[in-house]
Amino acid sequence: MYKGPAYGLKVQKMNSHCEYCGLRYEREPGYFYGAMYVTYAFAIAEMVTACMATYILTGNDSSFILYATVAIMSVVLMSPFNYRYSRIILMYWLTPGLRYDPNVKKKEVDVKASA
């Protein structure tokens, strides 16, 4: 679905169509705005997990600066992951009517579309 690796110096770019079956990823303008809600859920889960791990490892429960730094760094480090997988989850699990069929090849899709 994406061009290039998740973590790198280049900006992440998403292909417009599946190279195998020809599925158009962005079904309508603004389709991926819904992925922001999935990203938000990811970020909350990552912050809670990172802060709980920090508490278990350090035992320090009074340092706001420590927990704020850990929470922000966890979200910043995981943002490429969140970007990619929030869109994938939106497309394949949260969009009714969109189903991936590995048995359909692009040639078959083109034949059905032209008929």
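Calculation notes
Residues numbered from 1 in each chain as written. Predicted model: local features only at pLDDT ≥ 70, side-chain atom pairs only at ≥ 80, totals over all residues. Heavy atoms only, no water. Helix = DSSP H or I, 4+ residues; strand = E, 2+ residues; numbered from the N terminus. Buried < 20%, exposed > 50% of the residue type's maximum accessible area, 1.4 Å probe, protein only. Contact = heavy atoms within 4.5 Å. Areas by Shrake-Rupley, 256 points an atom, 1.4 Å probe, with all protein chains shown as cover. Expected span 1.5 Å × (residues − 1). Core = buried A, V, L, I, M, F, W, Y, C linked by side-chain atoms within 4.5 Å. Lys, Arg positive; Asp, Glu negative; His and termini not counted. Salt bridge = Lys/Arg side-chain N within 4 Å of Asp/Glu carboxyl O. Phe/Tyr/Trp six-rings, centres within 6.5 Å; stacked < 30°, edge-to-face > 60°. Lys NZ or Arg CZ within 6 Å of the ring centre and 35° of its normal. Bend = angle between axes of the 7 residues up to and from the residue. Patch = residues over 30% accessible without salt bridge, like charges linked within 9 Å, V, L, I, M, F, W, Y side chains within 5 Å.

Enquirer: How would you summarise the overall build of the protein chain if you had to cite specific residues and measurements?
Expert: Broken down by element type, the protein chain carries 3 helices and 2 strands. The order of helices and strands in the protein chain, counted from the N terminus, is β-β-α-α-α. For the protein chain, buried positions account for 27% of its 115 residues. Considering only residue pairs separated by 6 or more positions, the protein chain has 65% of its internal contacts joining residues 24 or more positions apart. Within the structure as shown, the protein chain displays about 8,500 Å² of accessible surface, and the carbon and sulfur contribution to it stands at 66%.

Enquirer: Tell me about helix α1 (residues 35–58), and please be specific about residues and values.
Expert: In this model, α1 (24 residues) spans 34 Å end to end at C-alpha, consistent with the 34 Å of a helix rising 1.5 Å per residue. Every buried residue of α1 is accounted for by A35, V38, F42, A43, E46, A50, C51 and T54. Its buried side turned inward, α1 meets α2 (64–92). Where α1 ends, the next residue or the one after it, G59, has phi of about 75°, a positive value.

Enquirer: Tell me about the nonpolar core, and please be specific about residues and values.
Expert: In this structure, Y2, M14, C18, C21, Y25, Y31, F32, A35, L90, M91 and L98 together form the largest nonpolar core, which totals 11 residues. Residue contacts for Y31: discarding those within four places in its chain leaves Y25, E26, L90, M91, T95 and L98.

Enquirer: I'd like a description of the side chain of R87, backed by residues and values.
Expert: When you line up the elements, R87 lands in helix α2. Although R87 is buried, it makes no salt bridge; E26 carries the closest opposite charge, 6.4 Å away. Contact partners of R87, with chain neighbours within four places excluded, come to Y2, M14, F32 and A35.

Enquirer: For the packing of aromatic side chains, give the residues involved together with the corresponding values.
Expert: Under the criterion given, the structure shown has 3 aromatic pairs. Against the face of F32 rests R87, its NZ or CZ located 4.4 Å from the ring centre.

Enquirer: Please give an account of α2 that cites residues and values.
Expert: M78 marks the point of greatest bend in α2, at about 55°, and the proline P80 comes within the next four residues. Turning to α2, its buried residues are Y67, A71, S74, P80, N82, R84, S86, R87, I89, L90 and M91. Buried residues belonging to α2 abut β1 (2–3), β2 (13–14) and α1.

Enquirer: Could you give an account of a nonpolar patch on the surface, with specific residues and numbers?
Expert: Residues Y40, I44, V48 and M52 make up a contiguous nonpolar surface patch of roughly 410 Å² in combined accessible area. Relative to the elements of secondary structure, M52 occurs in helix α1. Exposure remark for M52: the relative accessible area of 48% places this residue in the partly exposed category.

Enquirer: Any chance you could break down the environment of Q12 for me, citing the residues and the numbers?
Expert: Residue placement: Q12 occurs in the loop between β1 and β2. Separated by 72 residues in sequence, Q12 and R84 place their C-alpha atoms 8.8 Å apart.

Enquirer: How would you sum up the environment of I44? Please name residues and give values.
Expert: Mapping I44 onto the fold places it in helix α1. Look at I44 and you get partly exposed, because its relative accessible area is 34%. I44 sits 31 residues away from V75 along the chain, and the two C-alpha atoms are 8.6 Å apart.

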